[in-house]
Amino acid sequence: MTDPMLATRIMTLANSSAYAGGQTLQGLKPALMRIGSKAVQDMVFSESIRMKIFSVKSYRKILEESWKLSLGTAIACEAISRATGIEREGAFLIGLLHDTGKPVLVSAISEYEKQNKGLPIGEDIVEILMSQLHEETGSYVLKDWGMPESVVTAAGGHHVYHGSQATPAHRLVHAGNLICQHLGIGDIQNDVDFTVKHVFAELNLAEFEKIEPILEAVSRDVGGLLTGLDSAA
């Protein structure tokens, strides 16, 4: 209630098409009741992460796409977790932090450029660094921050399919990434050929009647959490 930006986001979300019940709400308390404590918790936590580690002013396109992917993967991971029981307690966190290496690298690159009289190192080099180092960097930083092992390991190999060696967290975040790729959420590195049914089959969710609600929920909830972001900023 003391944070104007967050209050604006919550009001916009509560009155969006995903939640609106015909009546436009004017007060914050009715808005909180309409969207529910879980949506508020996810929004507050997501905003704190965005403001802390995705706020570097340089290379904004990279960070904006990474943020959308992180949020989309978090929501996808939680939806999958509800359907399968995989990483039931930490699914949202695993998805939200899996791309942490990118903003960390952007911050390091920006600092290097400042020390080098502001000379940019070049978009091509930045893309190579992101491609080759962001998983290892994210894993290292998250471990240093004392994050749970599942969060650390998922960040360290989320673009690789580990097959029978995959941990539950790996399976979850890899599937979440592919679902975001399928829905066009964020900029996925190293696009791979796949069918969304195959992704769900790997999770023992091959029935279409179980797949469609998950895809709809991810698309809706990502749109909801991103609602009002530009206007609030």
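Everything here concerns the structure above.
This is a predicted model, so every value here is computed, not measured. (Residues numbered from 1 in each chain as written. Predicted model: local features only at pLDDT ≥ 70, side-chain atom pairs only at ≥ 80, totals over all residues. Heavy atoms only, no water.)

A. Highlighting the packing of helix H3 (residues 60–84) against helix H8 (residues 168–183). With their axes 8 Å apart at the nearest point, H3 and H8 run at an angle of 120 degrees to one another. Judged by the inter-axis angle, H3 sits oblique to H8. For the pair H3 and H8, the crossing hand works out as right-handed. Contacts from Leu69, Gly72, Thr73, Ala76, Cys77, Ile80 and Ser81 of H3 reach H8 at Leu172, Val173, Ala175, Gly176, Asn177, Ile179 and Cys180. Tallied by class, residues from the contact of H3 with H8 come to nine nonpolar, five polar and no charged. (Axes fitted to C-alpha atoms, helices over the stretch in contact; angles between N-to-C directions. Helix = DSSP H or I, 4+ residues; strand = E, 2+ residues; numbered from the N terminus. Parallel < 35°, antiparallel > 145°, perpendicular 65-115°, else oblique. Left-handed = near helix turned anticlockwise from the far one by under 90°. Contact = heavy atoms within 4.5 Å. Nonpolar A, V, L, I, M, F, W, Y, C, P; charged D, E, K, R; others polar.)

B. Layout of the nonpolar core. The biggest cluster of nonpolar side chains holds 62 residues, and the ones touching the most others in it are Ile10, Ile35, Ile49, Ile75, Leu96, Phe200 and Val218. Beyond its immediate stretch of four places on either side in the chain, valine 218 contacts Gly72, Ile75, Ala76, Ala79, Leu183 and Ile185. (Core = buried A, V, L, I, M, F, W, Y, C linked by side-chain atoms within 4.5 Å. Buried < 20%, exposed > 50% of the residue type's maximum accessible area, 1.4 Å probe, protein only.)

C. Seen up close, the packing of aromatic side chains. The tally for this structure, following the rule as stated, stands at one aromatic pair. Over the face of the ring belonging to phenylalanine 92 we find lysine 38, whose NZ or CZ atom lies 5.3 Å from the ring centre. (Phe/Tyr/Trp six-rings, centres within 6.5 Å; stacked < 30°, edge-to-face > 60°. Lys NZ or Arg CZ within 6 Å of the ring centre and 35° of its normal.)

D. Molecular detail of the packing of helix H2 (residues 28–53) against H3. Running from amino to carboxyl end, H2 crosses H3 at an angle of 150 degrees, the nearest separation of the two axes being 12 Å. The orientation of H2 with respect to H3, classified from their angle, is roughly antiparallel. Note that H2 runs across H3; the crossing there is right-handed. Across from Lys38, Asp42, Ser46, Ile49 and Arg50 in H2, the residues of H3 making contact are Trp67, Leu71 and Glu78.

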